[in-house]
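# Architecture and fold: a report
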Amino acid sequence: ARATSQGTARWTSGAKKAAAAQAVSSSDADVLRLAEEISREAGELIKRKLGADIVKTKANARDLLTEVDTEVQDLLETRVRERFPDHYFLGEESGISLDEALDHSPEWLWIVDPIDGTTNFVHGIPMCAVSVGVAHREELAVGVIHDPFRDELFCARRGHGCFRNGTAVHVGAEATPMEAVVCTGYAPIAEATEPFLRGIAALARLPVRTLRMLGSAAVMFAWVADGRITAYAEVDLNAWDIAAGALLIQEAGGKITDLDGTPYTLRTRAVLASNGATHDSLLTALQDAKVEGLESKK
């Protein structure tokens, strides 16, 4: 991991004292303003560099990293630390897990995916987004997803609703699976393939109106919140893929749970997000097909 990320991940006692001395009083409104500002700044960088070359692969040849992922995360982290030096930052490129971040018991934790939809980005497909979720004492307080290619900024603050470019948005009104547009995707690992295929088959047989894969979890979460699609399910996501979108959906009147039916938490990985009205039917279909997470290795 890069020096900035490692610096965030492994504070020395001296660094902690310095941060405490510089601590800035935080409110969720202040945090939201900064999250919106830096998401737009990051979005401009992403737009300029669409189609960037792959620097390396991560888990395998389908899990991509570009120099722009690193550049965008460094920008976001620097801005956060300048404004709120006592806040903790966890990004996709930080090289640490959510549990490692939570071990530090941060009061404020920024959970960030600098480019959600890196494969789309690499191939010049303008369907990716900046995803910024911020938790206060392990409860999501702020969520921002910025789609720079459509100039759409989705934001939510707990208890204050969900907005797209300043206009309140709400989940869709579909009442049955037959009316539902459902999105999905799957992690670039072998253990995700069979549950993904069973899920597609189960939803097609239910049936739902149609199935889509957009290649960006952040965009799909935002579009559930905005009522463009009805639901989004995936068997394995990271905290930075989900955090911002989870709050958007909750504040837009939707529902988000683990695929085992338990309520969403920061540690949720297998997820169903929906407009609420279709949630139970979709969840039952997926559970009946044993789609509840990654397939165990044989």
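Below or above, wherever it landed, is the structure these notes cover.

## Digging into empty space enclosed by the protein
Under the defined criterion, the tally for this structure stands at one cavity of 30 Å³ or more. Its volume calculated, the largest cavity comes out at about 90 Å³. The wall of the largest cavity is formed by 13 residues, among which Thr184, Gly199, Ala233, Val235 and Val291 lie closest to the centre. If you list the elements that add at least two residues to the lining of the largest cavity, you get α7 (193-205) and β12 (231-234). It is α7 that contributes the most residues to the lining of the largest cavity, five residues altogether. For the lining of the largest cavity, the per-class residue count stands at nine nonpolar, three polar and one charged.

## Some points on the pattern of salt bridges
One pass over the structure, following the stated rule, counts 17 salt bridges. Across the pair arginine 157 and aspartate 28 runs a salt bridge, and its minimum N-O distance is 3.1 Å. With arginine 157 in strand β7 (residues 152-157) and aspartate 28 in helix α3 (residues 28-48), this residue pair connects regions lying 129 residues apart in the sequence. Across the pair arginine 40 and aspartate 151 runs a salt bridge whose closest N-O atoms are separated by 3.5 Å. Pair noted here: arginine 40 is in helix α3 and aspartate 151 is in the loop between β6 (139-147) and β7, with a separation of 111 residues, a long-range link. According to the relative accessible area criterion, arginine 40 is partly exposed, its value standing at 36%. One network of salt bridges, with partners in common, ties together Glu152, Arg164, Asp226 and Arg228.

Conventions adopted
Residues numbered from 1 in each chain as written. Predicted model: local features only at pLDDT ≥ 70, side-chain atom pairs only at ≥ 80, totals over all residues. Heavy atoms only, no water. 1 Å grid on protein atoms, 1.4 Å probe; cavity = no way out; pocket = protein on both sides within 12 Å on 5 of 7 lines; lining within 4 Å. Points joined across faces, edges and corners; volume = space filled by probe spheres on them. Helix = DSSP H or I, 4+ residues; strand = E, 2+ residues; numbered from the N terminus. Nonpolar A, V, L, I, M, F, W, Y, C, P; charged D, E, K, R; others polar. Salt bridge = Lys/Arg side-chain N within 4 Å of Asp/Glu carboxyl O. Buried < 20%, exposed > 50% of the residue type's maximum accessible area, 1.4 Å probe, protein only.

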